[in-house]
Every structure is written in C-alpha cells, then in structure tokens.
Amino acid sequence: MPKWEKLVDSRERLFWTLHTAGWCGFAIVYWIGSFMHEMRSIWLFVIILNAYAGWLLTIPLRYIYRKALTLSPLKMLLLVAISLYVIALLWAMVKNVNHWEIYKKGFRPDEWYWYFRGTINSLIMIGCWTGAYFGVKNYQMLLKEKQNVLKASSMAHQAHIKMLRYQLNPHFLFNTLNAISTLVLMKENKTAEAMVSRLSDFLRYSLDKDPIQRIPLIQEIQALELYLEIEKVRFEDRLTVVWDIEEETKDALVPSLILQPIIENSIKFAISKMQEGGQISISAKTFGRDLMLNVSDNGPGADIKNGQLPISKGSGVGLHNIQERLAALYVKNYSFVISHNYPAGIKINIRIPFEKGDGSSDNTTEN
C-alpha cells in the first residue's frame, strides 16, 4: 500500500495532519491577503489567534459529525447544519473580540450584535472544513470497501486454487485404493502392503505442501518418484520411466503436483492397456523466458479434437483440473497442449513462466 494510502487509512493521524495543515494554510493565506492593506505588525498575532481559535472550535465538530453519520439522512443534515452554524457564530465572535481588543486596543462596538459581524465569512470557512471532513471520510470508506473487495477476491481466488489442488487427493486416492483392493482380493498381500506404505509417504508429502505456494521443480520430481514407486508395485517391469530434466530447471517454481495427474492419466489409459507395458517420458527444459514441461507415453493413443482428449467415465478430471489451476495461477500467461506422440501415444506440453526458487523471475506473472 502506498504511503499516502496508509496515511488515509490511519484515521487519527490523518485527521490531525489535515486539520492542523488546513488552519495553518488559512493563517498563511490571510496573512498574505493583508499585504493589500497597510496593517500593523500586531495583525500577524491576531491572525494566529484567529487560526488557533478555528483550530480549537472545529475539533468538537469531528465528534458531532461522527455521531451524525449514524443517524438517518434527515437528522444527519439537521445536526450538521445546526452544529456548523453554531461554531461559525462562535468563531465570528472570537475573531471580532481579537480584532477589537488586540488590534484596536480595547474598542467597544455600539451594539452587541456587532460581535457577530462577518458570520457569513466564518460560515463559508467552517463549511469548507465540513466539506473536507466528509470528503475525506467518504474516501476512507471507499478505500476500506475497495480493500475488503480485494481481500474477498484474494481469499476466493486462494480458496479456488486450494479446492482444485485438494481435489487431486481423493481422485488419486480412489484409484490407488481401488488397485490395493484388487491386490488384496487376488491375495497379493505383500504387494498390497508395499503399495500402502508408499501411498502413506506420498500422501504425507502432498498434505505437507501449501497448495497456494509454488515449489521448486526438484521437489515436484521427488513427489512424482514417490507416486511412480506406488505404480511400479502394480506394474513392475511393465512400467518404464525416462527422465530428461535440465539442470537449471530444477530450481524453477511450479504448482505442486501439476504433473502427477498427467502421469496418472498415461498409466491408466496407456500403460495399463498394453500387455507388455510401456514407457512414460518426462522432460523439463527452458525456452527463452519460459519453462517447458512435457509428459509423453507410447500407448495406443486417442482421438484428439481441438487439443482435447475425449471425455469418458472416469477420465478428464485430472487434466481439466490442471488447466483450471494454470488459469487461476497464471491467467493467460501459460499454455496446455495435448498432441499425438509419434509414432504412438499422447504428448502433453505445459508452458509456464520461468521463475527461480530464490524468488527472482525471468518473466512477470499475474497471480
């Protein structure tokens, strides 16, 4: 928040700053205006007294107006009008007393109502003070409302990202528990026990990571290795994984578990369909100011229409989730492309801004 907005947001500090500055400005302008007339030097003292009187008399207006803001519009206008007029009368009287008692050395007017001479000018000045008070007050309310809207928007945005991220856990957990159940029914208890142990490690890792914060790619790779160990318990030698990770990409920031649903999709619709098993290739490279992440398989493939895979029962949740998370985190500064992996299989490419784990960035993202 800029310094001037912090000042506006601090009500006490702002009031006393503007209140004092306003009356000092009044004294300066009044003093400069006196140059048009031949005034004695004592006139400067009178101006200071008048400004100080205005400074003191308008302080109660702050508390009166604060109370007025809680009333109905008609009562508020009535209270403001009466208060403004009373303070203007008092200030006019004080100014006249200062003028006659100090500048004119004890002059007494013939009529008592002369003490209220110049009330209109005082009313205009106090009216300006009132207008400034309500103007700043309204601006503070608008600024507060803007902050509340931004805070609510930010909280909703973060909640949406968390929802998308945590949506992966039950989705992945259902598939894995279903596989463990099958192993138990087939009385492959040792294999099921090994899978449960690795599942525990993977879930502990996934729950420890804040879904809002992005993590270095090397941590994402470690999470994928935990997941792939679970799948290798099921597929053994039928699952081959090839890694091609450039060294400088290991510190790049990526959303947590952004690649796991893609690999899960490849295992479910490619590796598990092939009797002899298959291969999944995972690569990470830099391209200009972007990070390129690729996951491909050599499975039977699928019909790709408009860059999308056909949606069938039990599929599409993970890939759709990734696209929503990328859109929430990077707005339009990303790409998610599904294509054929020649000679066989599916290839998915993700492009996001290359941001280093130390907080520096080679590209500006809008979060």
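Residues numbered from 1 in each chain as written. Predicted model: local features only at pLDDT ≥ 70, side-chain atom pairs only at ≥ 80, totals over all residues. Heavy atoms only, no water.

K.L.:
Provide a residue-level description of the overall build of the protein chain, including the pertinent values.
P.N.:
Regarding its fold elements, the protein chain presents ten helices and seven strands. For the protein chain, buried positions account for 39% of its 367 residues. Long-range contacts, defined as pairs at least 24 residues apart, comprise 72% of the intrachain contacts of the protein chain with a sequence gap of at least 6. As presented, the protein chain carries roughly 21,200 Å² of accessible surface, and 60% of it is formed by carbon and sulfur atoms. (Helix = DSSP H or I, 4+ residues; strand = E, 2+ residues; numbered from the N terminus. Buried < 20%, exposed > 50% of the residue type's maximum accessible area, 1.4 Å probe, protein only. Contact = heavy atoms within 4.5 Å. Areas by Shrake-Rupley, 256 points an atom, 1.4 Å probe, with all protein chains shown as cover.)

K.L.:
Pulling in residues and values, what's your account of the pattern of salt bridges?
P.N.:
As enumerated under the stated definition, the model contains five salt bridges in all. Note that Glu12 and Arg62 form a salt bridge whose closest N and O atoms lie 3.0 Å from each other. With Glu12 in helix H2 (residues 11–33) and Arg62 in helix H4 (residues 59–68), the pair connects residues that are 50 residues apart, well separated along the chain. Between Glu247 and Lys250 there is a salt bridge, and its shortest N-O distance comes to 3.3 Å. You can call Glu247 exposed: its relative accessible area is 59%. The exposure class of Lys250 is partly exposed, given its relative accessible area of 25%. (Salt bridge = Lys/Arg side-chain N within 4 Å of Asp/Glu carboxyl O.)

K.L.:
Break down the confidence of the model for the protein chain for me, with residues and values.
P.N.:
Parts of the prediction with low pLDDT should not have their coordinates interpreted in detail. Taken over all residues, the pLDDT of the protein chain has a mean of 80, while the share at 70 or more is 79%. Averaged pLDDT values for the elements of the protein chain fall to 52 in helix H1 (residues 3–9) and rise to 95 in strand S5 (residues 290–297). pLDDT under 50 marks residues 359–367. Its contacts with residues more than four places away, or in other chains, come to 24 contacts. (pLDDT = per-residue confidence, 0-100.)

K.L.:
Please provide a residue-by-residue account of a nonpolar patch on the surface, values included.
P.N.:
The grouping of Ile28, Trp31, Ile32, Phe35, Leu44 and Ile48 at the surface amounts to a nonpolar patch, some 590 Å² of accessible area in total. Residue assignment for the nonpolar patch shows that the elements contributing at least two residues are H2 and helix H3 (42–57). When residues of the nonpolar patch are assigned to their parent elements, the largest contribution, three residues, is made by H2. Tracing the backbone through its elements, the reader meets Leu44 in helix H3. Given a relative accessible area of 38%, Leu44 falls into the partly exposed group. (Patch = residues over 30% accessible without salt bridge, like charges linked within 9 Å, V, L, I, M, F, W, Y side chains within 5 Å.)

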